[in-house]
Amino acid sequence: MPRANDAVEAVLLEYADLLSILSDDPFKPRAYEKAARAVAGYPADIAGFDLKQILQIPSVGRSIGEKIHEFLQTGTISALEELRAQIPPGVREMIRIPGLGPKRAMVLYRELGISSVDELLRAIEEGRLAGLRGFGAKTAENIRAGIERLRGAGGRVLISVAADLAELLEGRLRDVSGVERIAHAGSLRRMCETIGDLDLLVASRDPTPVMEAFTSLPEVERVLAKGDTKSSILTAQGLQVDLRVVQPEAWGAALIYFTGSKAHNIRIRELAVRKGLKLNEYGLFRARSGRLVVAATEEEVYERLGLPWIPPTLREDRGEIEAALEGRLPELVTERDIRGDLHTHTNLTDGLATLAQ
DNA sequence: GCCGTTTTCGGCCCGACTGTTTTCAGTCG
Ligand SMILES: Nc1nc2c(ncn2[C@H]2C[C@H](O)[C@@H](COP(=O)(O)OP(=O)(O)OP(=O)(O)O)O2)c(=O)[nH]1
Ligand SMILES: [Mg+2]
Ligand SMILES: [Mg+2]
């Protein structure tokens, strides 16, 4: 049985998308996204909730709360209908194109009347983006390639597929000169069931040869971006791989950053701010002076934030921060706990006892 | 739009890469 929370999450995310297209204030759509996450992660089914109960949900205030209430009562939200009247569904689809966001989607709609991915592709092929402010030849080609990617996207892959690719690529990069450490991060390290892309982290004093090696691997179909510390490629199978290279001293902070999740990162960065600190992928710093506090290991960074080391599988901002702060993290079963698997044989194979016995 | 034992107003995570930008916005991780 799907919960009402799922439908509410979907309308709040749609509201956030439409606001990001229409509004200049980036914090408003983010507030709707955050509320959508909170509703999705709320333990109870909110079907039939009254306004007072709805307002118990974190990140849901008066404005969003009333919209949720209206949706639960009537199945629609009048304010959402008003936004829908201003932005065709196809324009919202356009922001799914990798590299095209809400701002430029709005320019295309407003200036050229483009209101679907199909129309956009035709406009690019007919050269109609030329002359539009902020849309040069490269941008048009990038959007065209983005549409191809969107269309050909096989979506997320099973963790086993990503794990195999990770092993292959890590093996290749490990031998590059200057590589001191290598690990996979992102959703693969968190052991999510499906993986959107592969995230690899390398520690090296000399990033340039690592980036060169990475972007010229035989598995590379196309280089999406290539910089001094970060590059992205696309494999022939259409899977994206992101590589981040940091100095060995920053390994722990970088591993925390790249392991995520995004929501977990934001929560622990907020904790840092409240302590007069700043957390990024290079380390934990004093906010005022900018002086480094710690960076080398995950344990040290978490400890200075007042937290125990949190297992990657829990880093989803689904209560692990609160649990960690209270010292109530669950003891997870790890490989070291597994002494063997309890099993027996029956006379159906090579045993003596029957199955019933 | 949400939220707060410093605060009910003024912040909101923080930084890399790209393109066309004459100095930075947009998009993404
Ligand atoms: N601080 C911060 N970190 C981010 C943000 N977006 C992504 N990250 C970090 C945490 C993510 O786990 C990590 C890798 O990003 P991805 O987009 O690949 O996400 P992830 O691997 O978690 O999920 P995926 O299966 O790829 O969809 O980068 C962000 O907006 N802020
Ligand atoms: Mg990923
Ligand atoms: Mg990624």
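Structure shown above.
Quick caveat, the model's predicted, so the values are computed rather than measured.

Analysis parameters
Residues numbered from 1 in each chain as written. Chains lettered and ligands numbered in written order. Predicted model: local features only at pLDDT ≥ 70, side-chain atom pairs only at ≥ 80, totals over all residues. Heavy atoms only, no water. Helix = DSSP H or I, 4+ residues; strand = E, 2+ residues; numbered from the N terminus. Buried < 20%, exposed > 50% of the residue type's maximum accessible area, 1.4 Å probe, protein only. Contact = heavy atoms within 4.5 Å. Areas by Shrake-Rupley, 256 points an atom, 1.4 Å probe, with all protein chains shown as cover. Pairing = 2+ DSSP bridges. Axes fitted to C-alpha atoms, helices over the stretch in contact; angles between N-to-C directions. Donors = N, O, S within 2.8 Å, 3.2 Å for Na, K, Ca; no water. Near = heavy atom within 4 Å. Polar contact = N/O pair within 3.5 Å; in protein donor to acceptor, adjacent residues only side chain to side chain. Nonpolar A, V, L, I, M, F, W, Y, C, P; charged D, E, K, R; others polar. Salt bridge = Lys/Arg side-chain N within 4 Å of Asp/Glu carboxyl O.

A. Just the overall build of chain A, in detail. Each helix and strand counted, chain A has 16 helices and ten strands in total. Considered along the principal axes of its C-alpha atoms, chain A spans approximately 70 × 60 × 55 Å. Within the span of chain A, comprising 357 residues, buried residues form 44% of the whole. Nonlocal contacts in chain A, meaning residues at least 24 apart in sequence, comprise 53% of its contacts between residues at least 6 apart. A total of about 20,100 Å² of accessible surface is found on chain A, and carbon and sulfur atoms cover 51% of it.

B. Main features of the sheet that holds strand 9 (residues 283-286). Pairing is antiparallel in the open sheet, where three strands are placed in the order 8-9-10. One side of each edge strand has no neighbouring strand; the edge strands of this open sheet are strand 8 (277-280) and strand 10 (292-294). In this sheet, adjacent strand axes meet at a mean angle of 35 degrees when their direction is disregarded. In this structure, strand 9 lies alongside strand 10, joined through two bridges in antiparallel fashion. Following the sheet pairing, Leu284 is matched in strand 10 by Val294. Here helix 14 (residues 262-274) sits on the sheet in contact with strand 8 and strand 9, set at roughly 155 degrees to strand 8.

C. Broad picture of the coordination of the magnesium ion (ligand 2). Every protein donor of the magnesium ion (ligand 2) is listed here as Asp197 (OD) and Asp199 (OD), and their distances to the metal cover 1.9 to 2.1 Å. The two metals, the magnesium ion (ligand 2) and the magnesium ion (ligand 3), are separated by 3.5 Å and share Asp197 as a common coordinating residue.

D. The arrangement of unusual backbone geometry in detail. Note the cis peptide between Gly260 and Ser261, where omega equals -5 degrees. With respect to the element layout, Ser261 can be found in the loop between helix 13 (251-259) and helix 14. Even without being a glycine, Ser59 presents a positive backbone phi close to 70 degrees. Along the chain, Ser59 falls in the loop between helix 3 (51-54) and helix 4 (62-74).

E. Expanded view of the protein's contact with DNA strand B. Near DNA strand B you find 47 residues, and of these Ser59, Gly61, Gly99, Gly101 and Gly136 are the closest. In the interface set of DNA strand B, defined as its atoms within 4 Å of the protein, sugar plus phosphate atoms amount to 77%. At 2.6 Å from a phosphate oxygen of DNA strand B is found a main-chain nitrogen or oxygen belonging to Ser59. One of the side-chain N or O atoms of Thr139 is found 3.3 Å from a sugar or linking oxygen in DNA strand B. Only helix 2 (27-41), helix 4, helix 7 (102-112), helix 9 (137-152), strand 5 (220-226), strand 7 (240-246), helix 14 and strand 8 provide two or more residues apiece to the surface near DNA strand B. Class assignment of the residues belonging to the surface near DNA strand B gives a composition of 18 nonpolar, twelve polar and 17 charged.

F. Spotlight on the side chain of Arg189. Its location among the elements puts Arg189 in helix 11 (residues 186-189). Taking relative accessible area as the criterion, Arg189 reaches 19% and is therefore assigned buried. When near neighbours in sequence (up to four residues on either side) are disregarded, Arg189 contacts His184, Leu255, Thr259, Glu298, Trp309, Pro312 and Arg315.

G. View of the coordination of the magnesium ion (ligand 3). Coordination of the magnesium ion (ligand 3) by the protein is provided by Asp197 (OD), Asp199 (OD) and Asp242 (OD), with metal-donor distances spanning 2.2 Å. Written as a sequence motif, the donor residues of the magnesium ion (ligand 3) are D-x1-D-x42-D.

H. Looking closely at the pattern of salt bridges. This structure, assessed with the given rule, holds 20 salt bridges. One salt bridge connects Arg172 with Glu219, and the closest N-O pair in it is separated by 2.8 Å. With Arg172 in helix 10 (residues 159-174) and Glu219 in the loop between helix 12 (207-215) and strand 5, the pair connects residues that are 47 residues apart, well separated along the chain. Judged by relative accessible area, which is 36%, Arg172 ranks as partly exposed. The residue Arg189 makes a salt bridge to Glu298 at a minimum N-O spacing of 2.8 Å. With a gap of 109 residues between them, Arg189 in helix 11 and Glu298 in helix 15 (residues 298-304) connect regions that are remote in the sequence. On the accessibility criterion, Glu298 (5% relative accessible area) is buried.

I. Inspection of the environment of Ala130 at higher detail. Tracing the chain through its elements places Ala130 in the loop between helix 8 (117-125) and helix 9. You can call Ala130 exposed: its relative accessible area is 63%. Each C-alpha atom of the pair Ala130 and Ala140 lies 8.2 Å from the other, and the pair is ten residues apart in sequence.

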